[in-house]
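If you want the building blocks of each chain, they are given just below.
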Amino acid sequence: MTIGLYDASRNDIAAAMPNQPAYRFKQVWEALYHQFRAPTDITSLPAALRDELSNVLPESLVWKTESTDETGDTVKFLWHLRDGGHPIATVLMLYPDRATVCVSTLAGCAMACGFCATGQAGFNRHLTAGEIVEQVVKAARRAQTMGRRVSNIV
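Keep in mind that what you see is a predicted model, and the values were worked out from it rather than measured. (Residues numbered from 1 in each chain as written. Predicted model: local features only at pLDDT ≥ 70, side-chain atom pairs only at ≥ 80, totals over all residues. Heavy atoms only, no water.)

A. Representation of the overall build of the protein within the structure. Across its full length, the protein holds 5 helices and 7 strands. Listed by position from the N terminus, the elements making up the protein come as α-α-α-β-β-β-β-β-α-β-α-β. Relative to a compact globule of 154 residues, whose C-alpha radius of gyration would be 15 Å, the protein shows 17 Å and is just as compact. Along the longest, intermediate and shortest principal axes, the C-alpha atoms of the protein span 55 × 40 × 20 Å. A fraction of 46% describes how many contacts in the protein between residues 6 or more apart in sequence connect residues 24 or more apart. (Helix = DSSP H or I, 4+ residues; strand = E, 2+ residues; numbered from the N terminus. Rg over C-alpha atoms; globule rule 2.2 N^0.38 Å. Contact = heavy atoms within 4.5 Å.)

What follows is the structure, given as structure tokens:
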């Protein structure tokens, strides 16, 4: 199984960029974790290196759909996990004084509540730390497009 972008350690990222000057690693780390950019959007890198990073360390969440409530204050994301297509949800909630992202930590749910689609799907597995971080990063990207910054994670 290929390691996901946000599950990659500093050494994994460096190994994905052999024969690159040391400053390239710093550019990538800053872009991923401070600017919340996808590898393909790190324009300070050569196009070939962006493509290579995307192929060697792919993102784990595949966008499925997004919906926004009538006020525009709640954005729900539905993702499928790259390794098996299991659906997970992330919610970005905007308040006057903060922006909160609610992340999934499980693919599915073992409770099997009759009223809940996630529970009816059954439990598949726990998410990796990188898959959880990637939800925050992707919600932060969306918040940036709205002039907001994620300040809370639940």
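That was the structure; now back to the text.
B. Focus on the side chain of R50. The residue R50 is located in helix α3 (residues 47-56) in this model. Comment: no salt bridge for buried R50; closest opposite-charge side chain is D51, at 6.5 Å. If near-sequence neighbours (up to four positions away) are discounted, R50 is found in contact with P39, T40, I42, T43 and L45. (Buried < 20%, exposed > 50% of the residue type's maximum accessible area, 1.4 Å probe, protein only. Lys, Arg positive; Asp, Glu negative; His and termini not counted. Salt bridge = Lys/Arg side-chain N within 4 Å of Asp/Glu carboxyl O.)

C. Representation of the nonpolar core. Counting residues in hydrophobic clusters, the biggest one holds 18 residues, and the most contacted among them are F77, L81, I88, L92, V101 and V150. Listed by contribution, the elements that provide at least two residues to this core are β2 (74-81), β3 (87-95), β4 (98-102) and α5 (129-145). Setting aside residues no more than four positions away along its own chain, V150 makes contact with L92, A99, V101, A139, A140 and A143. Listed in part, the 16 residues of the second largest apolar core include M17, L49, L53 and L57. (Core = buried A, V, L, I, M, F, W, Y, C linked by side-chain atoms within 4.5 Å.)

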